[in-house]
Amino acid sequence: MVRIWPKTAKIYWDPWRNIPVVRPRQEELDLYYAVRLSEPGDARPVFPGDLEKLRGAILYEYGSDKVYTRFFNTGFMLFNKVPHWDLMYEIVSSGNVLGQLYYDPFREKWRFRLTYSGAYIANEEGLVDKAVLEGPIYTGREVKPAPSTSMRQLIIADKKGNIRGLGEVYGDSLIVVKTFHDTTMPVETSGKSASLEDVLKHNEEGLEALAGKSISYLKRLRGKYRLPVSVSYSGGKDSLVALDIAYKAFGELEMVFNDTGLELPETIKNVYEVSEKYGVRLHIASAGDIFWRAVAVFGPPGKDYRWCCKVAKLVPIARLTRTLWPNGALNIVGQRAFESLDRAKSPRVWRNKWIPHLVSTSPIQEWSQLECWLYIFKHRLPYNKLYERGFDRLGCFLCPSSALAEFKDVEKEYPELWGKWGMILEEWRVKLSQPAEWVKLGLWRWLTPASAKRRIARHIENYSMDWRREYTNRLLGSSINLAPLEIVESNNELKILFNREVLAPSIREVVKVNMGRLGYSVEEQGDVFRVSSVNTVITVSGRSIHVKPSMSSENTEDLVDLLKVIYRAYGCVKCGSCILWIPPGNAMLTQNGPIPLKNLDDKTRRFYLEACPISDQLVEKTLVPLILGTPKAFKRKTRRRIITSEHYG
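In this text, all values refer to a predicted model and were calculated from it rather than measured experimentally. (Residues numbered from 1 in each chain as written. Predicted model: local features only at pLDDT ≥ 70, side-chain atom pairs only at ≥ 80, totals over all residues. Heavy atoms only, no water.)

## Points about the environment of L476
Phase 1 of the analysis: Tracing the sequence through the fold places L476 in helix α16 (residues 467-477).
Phase 2 of the analysis: Among the residues examined, L476 registers a relative accessible area of 30% and is labelled partly exposed.
Phase 3 of the analysis: Once the C-alpha coordinates of L476 and K431 are considered, the two residues, 45 residues apart in sequence, prove to be 8.1 Å apart.
Phase 4 of the analysis: Beyond its immediate sequence surroundings of up to four residues, L476 is in contact with N481, A483 and N499. (Helix = DSSP H or I, 4+ residues; strand = E, 2+ residues; numbered from the N terminus. Buried < 20%, exposed > 50% of the residue type's maximum accessible area, 1.4 Å probe, protein only. Contact = heavy atoms within 4.5 Å.)

## Observations concerning the nonpolar core
Phase 1 of the analysis: Counting 209 residues, the largest nonpolar core has F72, F112, L114, W421, V511, I566 and Y567 as its most contacted members.
Phase 2 of the analysis: It is helix α18 (residues 553-571) that provides the largest number of residues to this core, a total of 9 residues.
Phase 3 of the analysis: With residues near it in sequence (within four places) discarded, Y567 still touches L475, I480, L482, A483, F498, I614, L618, V619 and L623. (Core = buried A, V, L, I, M, F, W, Y, C linked by side-chain atoms within 4.5 Å.)

## Observations regarding the side chain of R141
Phase 1 of the analysis: Its location among the elements puts R141 in the loop between β9 (130-132) and β10 (142-143).
Phase 2 of the analysis: Within the buried set, R141 has no salt-bridge partner at all; the shortest N-O distance to an opposite charge, 7.2 Å, is to E134.
Phase 3 of the analysis: Of note is the side chain of R141, whose polar atom sits 2.8 Å from the backbone oxygen of E134.
Phase 4 of the analysis: If near-sequence neighbours (up to four positions away) are discounted, R141 is found in contact with L133, E134, G135, P136, L174, I175 and V176. (Lys, Arg positive; Asp, Glu negative; His and termini not counted. Salt bridge = Lys/Arg side-chain N within 4 Å of Asp/Glu carboxyl O. Polar contact = N/O pair within 3.5 Å; in protein donor to acceptor, adjacent residues only side chain to side chain.)

## Some thoughts on unusual backbone geometry
Phase 1 of the analysis: In this structure, P145 follows K144 across a cis peptide bond, with omega equal to -10 degrees.
Phase 2 of the analysis: Structurally, P145 can be placed in the loop between β10 and β11 (153-157).
Phase 3 of the analysis: Residue P549 is bonded to the preceding K548 through a cis peptide linkage, with omega at -10 degrees.
Phase 4 of the analysis: Position of P549 among the secondary structure elements: in the loop between β25 (544-548) and α18.
Phase 5 of the analysis: The phi angle at N492 is positive, at roughly 60 degrees, despite the residue not being glycine.
Phase 6 of the analysis: With respect to the secondary-structure elements, N492 resides in the loop between β20 (484-490) and β21 (493-498).
Phase 7 of the analysis: The exposure class assigned to N492 is partly exposed, which follows from its relative accessible area of 30%.

## Regarding the pattern of salt bridges
Phase 1 of the analysis: Counted according to the given criterion, the structure contains 49 salt bridges.
Phase 2 of the analysis: For E168, the salt bridge is made with R107, and the minimal N-O distance between the two is 3.2 Å. With E168 in strand β12 (residues 163-170) and R107 in the loop between β7 (96-104) and β8 (109-114), this residue pair connects regions lying 61 residues apart in the sequence.
Phase 3 of the analysis: In this structure, R606 and E610 form a salt bridge, with 2.4 Å as the shortest nitrogen-oxygen distance. Note that R606 and E610 are positioned in helix α20 (residues 602-610) at a spacing of 4 residues, about one turn of the helix.
Phase 4 of the analysis: Residue classification places E610 among the buried positions, given a relative accessible area of 5%.

## Looking at the environment of E108
Phase 1 of the analysis: In this structure, E108 sits in the loop between β7 and β8.
Phase 2 of the analysis: With relative accessibility at 39%, the residue E108 sits in the partly exposed group.
Phase 3 of the analysis: Residues E108 and L518, spaced 410 residues apart in sequence, show a C-alpha to C-alpha distance of 52 Å.
Phase 4 of the analysis: The contact partners of E108, leaving out residues within four places of it in the chain, are Y103, K408 and K440.

## Here's the deal with the domain arrangement of the chain
For interface size, the figure often reported is the accessible area lost on association.
Phase 1 of the analysis: Taken domain by domain, the chain consists of domain 1 (1-115), domain 2 (196-389), domain 3 (404-465) and domain 4 (482-635).
Phase 2 of the analysis: The C-alpha-based centres of domain 2 and domain 3 are spaced at 30 Å.
Phase 3 of the analysis: Each partner contributes residues to the interface: domain 2 has 16 residues there, and domain 3 has 15 residues.
Phase 4 of the analysis: Taken together, both faces of the contact between domain 2 and domain 3 bury some 1400 Å²; the carbon and sulfur share is 68%.
Phase 5 of the analysis: The tally of links between domain 2 and domain 3 comes to 1 salt bridge.
Phase 6 of the analysis: Applying the counting criterion to the domain 2 and domain 3 interface returns 6 residue pairs in polar contact (both at pLDDT 80 or more).
Phase 7 of the analysis: Those elements that provide at least two residues to the side of domain 2 that touches domain 3 are α7 (265-278) and α8 (290-298). (Domains from an automatic or database assignment. Buried area = accessible area lost by both parts, 1.4 Å probe.)

## Regarding the sheet that holds strand β1 (residues 12-14)
Phase 1 of the analysis: Spatially, β2-β1-β3 is the arrangement adopted by the 3 strands of the open sheet, whose pairing is antiparallel. The outermost strands of the open sheet, each flanked by one partner alone, are β2 (19-21) and β3 (33-34). (Pairing = 2+ DSSP bridges.)

## Describing the pairing of β20
The side chains of a regular strand alternate between the sheet's two faces.
Phase 1 of the analysis: Pairing of β20 with β21 involves 6 bridges; the strand directions are antiparallel. Paired with E489 across the two strands is L494, which belongs to β21.
Phase 2 of the analysis: Hairpin connection of β20 to β21: 2 residues between the antiparallel strands, including N491 at a positive phi of 50 degrees.

## Thoughts on the UniProt feature "domain: Phosphoadenosine phosphosulphate reductase" (unreviewed entry) in the chain
Phase 1 of the analysis: The sites that UniProt annotates as "domain: Phosphoadenosine phosphosulphate reductase" (unreviewed entry) are residues 229-401.
Phase 2 of the analysis: Segment residues 229-401 splits into 40% helix and 15% strand. End C-alpha atoms: 30 Å apart. (UniProt positions renumbered as here; feature names shortened; annotations may be inferred.)

Pasting the structure below:
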């Protein structure tokens, strides 16, 4: 099923002034036309770093910059991010989408291709060579011999002269790589070379109305929530606009910055510059080096394995804000509806279940990216200079949600920083017995055999994904070094054989105390360690675990409880998540992980056990799937979860 954005941005174009218009008056609409953008249409201005990539890509395709000079050398241009298996932008110039800039990870190059509008103009003006083909024209068609040309990319036309697509020269062959289905003619504009000042001048009224609406909204909300005001500032453009709007609404506020330990230097610099400019108090929720310590336990994070967010973001923020504002705060964030489908569906006011003492809202929820940037330019706000160098998204530089193109930018600009991460990826590649493409093509960005991962893997010769082997190797490669090697179920009994002794002497007492205070009966007979509940008897001896009976979901969940206690006793990274959300005095951290100080009630027990990233991510997403035989085991309906999102303390 095709996913439709519930909200899309609309950008109009003034054909005479040759500029975008974001909020035209109703009586002006007939003077402009809507730019045809792929949804959600969240286009942004082009920066010098973008132009450098674009010009290089055009030179690669055509051997000269004639197309660049004609289409993209003057005027106010926009980039609109569109769906692609890595990173792609529609390029708007003179009010038309004339081309697409995309990253090719196999060649490790930025590439360019014309749209129908761009191909039409390029053909009319003789900017690009053309190949006329007889017979059917379809994507993937191969023609030999290739036409004589110095260009890599050609326009494809039929015998009647109709432009039908694009072709690429490979050796002595011409391959049709794109066929045009949308043959809308380009819109004529004056072609004037408009400046940023021209754009700001003719968008001033719309921007002021938009800002005024957001300021009024915050003032009304403050009347409902009589709380201190904090702004979550990330060092990015959206949180900068949100901060400025909040400052104009309230005057008095405080800033919170989450330093994950994975931020780029310019971001850190910008945070201090912004706090100084506004004269507001800055609070830093620092994760220190916990990511670099924890990666030895978890392995690389993934889009579907986001242990990093809990240890480096959620826990530091929750700990800091609970200390600063135990009675709550109105938290201003720079979230926008056009960033993701989830954010498009987000309510205007919400509480995060992990930090419910904060009432969060975004005054720029309905703002487009272009509106944010024009507001920043108009008011000369101190934005992060990484944007000028072509960085599109900021934050953790190695975030698995990033595109390979974005990693390439980091590697180019910060070779030492990326080199540190590259060494860790290479170590894990070897541990997981993966090919070099696992790093090069970013397969590490997924834990599960996700469809996106499979699409990329198809391009690797003689490679097939084996999630069982990968999960097993991940557990063996972890500093915990404990993985199930054999799983046998018969006669209503489950036997699991591990690679080494399950309960080493160093953790035996910790596990015993934990299980007892989680409501289980524990007994020891020599080397045998037995855990019992009303439904289940689990025996641990040497390298094996026996579960009897093993037929019901309760038997499975009792086993999972024990495994969570064992694994975090071996691998606790001291993030403190397990004790942060339970009443004080219920548990403490030790060298071998947390220990309850008394018997825990049902609600506290679930928070204590499930809030742990080792429990929630490592055990649920790598260990339990191996035992239950499916990578989707963590989605099982019988899984024991935190009983309520109610805030403790």
